[in-house]
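# Descriptive analysis of the structure
Letter by letter, the chains look like this.
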Amino acid sequence: MTSNTVRVAAGQEVGRSVDLNADLGEGVGDDEAMLAIVTSANVACGFHAGTPAELRATCRGAAVSGVRVGAQVSYPDRSGFGRRFMDIAPAELTADILYQIGALQGLARSVGVEVTYVKPHGALYNSIVHHTRQADAVIDALRELGATLPLMGLAGSPVLHRARDAGLPVIAEAFADRAYTPDATLVPRTEPGAVLTDSREIAQRVVRLVSEGTVVAVDGSVLRVDAESICLHGDTPGAVGHAREVREALRLAGIRVSAGS
């Protein structure tokens, strides 16, 4: 498991730690409530959702809550909420990514915080798992910014290996409320059962992910998933309730919630 173990001075093991992240600044859901629960905020950059004022307010809220800010970059798809694949030429996609990060960096700095990682959103997130040309376009954007911003992506996916090989830091991510296929990818949202809705099931799943590094796929197979961060979607029905139950379950399991170094 990649999450750190926390130890007291005497050397006694007292539990693991994990980051909790959520997609915020999208103009949907309860950002204020989620910022009191998560440790990382994937802030929209305007291409799939969010106005400049909303994004700035979210960054300000993150600053007040001590939550780290990441740029949630997307296809230019506001009408589809960034959930439709777009066959964009690599050079154009790289420029889109640079534009979005730059915009959010300016808004974040205006309220005293920095963008510290990048997470693709929706269809772009899923596409770059196996679409090498688009994956390399995203990686190229981060390299052109100095290769200092980590890329957050699906744990175990080829894109994270490509990013590491390109010299980028990465953050391996798992999902609290999304079903997994037997090949460790996410079940498409268009399929039944793709999004989990039971708070208790979601919380138990996250505790297992962190403590054992495993998750059960839709066919019943057990997958090994080594993740440093767990995504809690902020725009699904009952999202805040799910997030609170996850946080409490982690506390009861002796697992510390932290964004790490």
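What you are looking at is a predicted structure, and each value in this text was computed from that prediction instead of being measured.

### Here we look at the pairing of strand β3 (residues 40-44)
- Where burial is concerned, most of β3 is hidden: 5 out of the 5 residues are buried.
- By the alternation rule, side chains of β3 split into Ser40, Asn42 and Ala44 and Ala41 and Val43, which are all buried.
- By the bridge criterion, 5 bridges tie β3 to strand β4 (residues 68-73) in an arrangement that is parallel. Across the sheet, the residue bridging to Asn42 is Gly70, located in β4.
- As a crossover connection, the stretch from β3 through helix α2 (residues 52-65) into β4 is right-handed.

### Some remarks on the state of the cysteines
- In the structure shown here, the tally under the stated rule is 0 disulfides.
- Between Cys45, a cysteine without a disulfide, and Cys59, which holds the nearest cysteine sulfur, the sulfur-to-sulfur distance is 8.6 Å.
- Cys59 gets classed as buried once you look at its relative accessible area, which sits at 0%.

### Some details on helix α8 (residues 239-252)
- An ideal rise of 1.5 Å per residue puts 20 Å on 14 residues; α8 measures up with 20 Å between its terminal C-alpha atoms.
- By the burial criterion, the buried members of α8 are Ala239, Val240, His242, Ala243, Val246, Ala249 and Leu250.
- Just past α8, the residue Gly254 takes up positive phi, approximately 75 degrees.

### What to know about the side chain of Asn21
- With respect to the element layout, Asn21 can be found in strand β2 (residues 13-24).
- There is a polar contact of 3.1 Å between the side chain of Asn21 and the side chain of Glu173.
- There is a polar contact of 2.8 Å between the side chain of Asn21 and the side chain of Ser229.
- Apart from residues lying up to four places away in sequence, Asn21 is in contact with Val38, Ser40, Asn42, Lys119, Met152, Glu173, Ser229, Ile230, Cys231 and Leu232.

### Re the nonpolar core
- Formed by 80 residues in total, the largest nonpolar core has its most connected members in Leu104, Ile230 and Leu250.
- Setting aside residues no more than four positions away along its own chain, Leu104 makes contact with Val43, Ala44, Cys45, Leu55, Cys59, Val69, Gly70, Ala71 and Val115.

### Some words on unusual backbone geometry
- A positive phi is found at Ala147, a non-glycine position, where the angle reads about 60 degrees.
- Mapping Ala147 onto the fold places it in the loop between α5 (132-144) and β6 (151-154).
- On the basis of relative accessibility, which here comes to 23%, the residue Ala147 falls in the partly exposed class.
- In this structure, Ala184 is a non-glycine residue whose phi angle is positive, near 70 degrees.
- Tracing the chain through its elements places Ala184 in the loop between β7 (170-175) and α7 (199-212).
- The exposure class of Ala184 is partly exposed, given its relative accessible area of 23%.

### A closer look at the environment of Ala184
- Counting along the chain gives 38 residues from Ala184 to Val222, while the straight-line C-alpha distance between them is 9.6 Å.
- Excluding residues within four positions of it along the chain, Ala184 makes contact with Leu154 and Leu223.

### Describing the environment of Val64
- Looking at the secondary structure, you find Val64 in helix α2.
- You can call Val64 exposed: its relative accessible area is 71%.
- In sequence terms Val64 and Ile37 are 27 residues apart; their C-alpha atoms lie 13 Å from each other.

### As for the packing of α5 against helix α6 (residues 158-165)
- Two elements in contact, α5 and α6, have axes whose closest approach is 10 Å; the angle formed by their N-to-C orientations is 45 degrees. Between α5 and α6, the angle falls in the class oblique. α6 is crossed by α5, and the crossing has right-handed handedness. Only Val159, Arg162 and Ala163 of α6 make contact with α5, whose side of the interface consists of Thr132, Ala135, Asp136 and Ile139.
- Looking at the contact of α5 with α6 residue by residue, the class counts come to 4 nonpolar, 1 polar and 2 charged.

### Side note on the packing of aromatic side chains
- The full count for this structure, using the stated rule, is 3 aromatic pairs.
- Seen from their ring centres, Phe47 and Tyr99 are 6.0 Å apart, and the 45 degrees between their planes marks the pair as tilted. Of the two residues, Phe47 sits in the loop between β3 and α2 while Tyr99 sits in helix α3 (residues 90-110), which places them 52 residues apart along the sequence.
- Here Tyr75 and Phe85 contribute two aromatic rings whose centre-to-centre distance is 6.1 Å and whose plane-to-plane angle is 90 degrees, an arrangement assigned as edge-to-face. Residue Tyr75 is located in the loop between β4 and α3, and its partner Phe85 is located in the loop between β4 and α3; the two are separated by 10 residues in the primary sequence.
- Residue Tyr75 is classed as buried on the basis of its relative accessible area, which comes to 0%.
- Judged by its relative accessible area of 44%, Phe85 falls in the partly exposed class.

Rules used in this analysis
Residues numbered from 1 in each chain as written. Predicted model: local features only at pLDDT ≥ 70, side-chain atom pairs only at ≥ 80, totals over all residues. Heavy atoms only, no water. Buried < 20%, exposed > 50% of the residue type's maximum accessible area, 1.4 Å probe, protein only. Helix = DSSP H or I, 4+ residues; strand = E, 2+ residues; numbered from the N terminus. Pairing = 2+ DSSP bridges. Right-handed = clockwise from strand over helix to strand, strands pointing away. Disulfide = S-S within 2.5 Å. Expected span 1.5 Å × (residues − 1). Polar contact = N/O pair within 3.5 Å; in protein donor to acceptor, adjacent residues only side chain to side chain. Contact = heavy atoms within 4.5 Å. Core = buried A, V, L, I, M, F, W, Y, C linked by side-chain atoms within 4.5 Å. Axes fitted to C-alpha atoms, helices over the stretch in contact; angles between N-to-C directions. Parallel < 35°, antiparallel > 145°, perpendicular 65-115°, else oblique. Left-handed = near helix turned anticlockwise from the far one by under 90°. Nonpolar A, V, L, I, M, F, W, Y, C, P; charged D, E, K, R; others polar. Phe/Tyr/Trp six-rings, centres within 6.5 Å; stacked < 30°, edge-to-face > 60°.

Everything listed is a geometric property; what it means functionally is a separate question.
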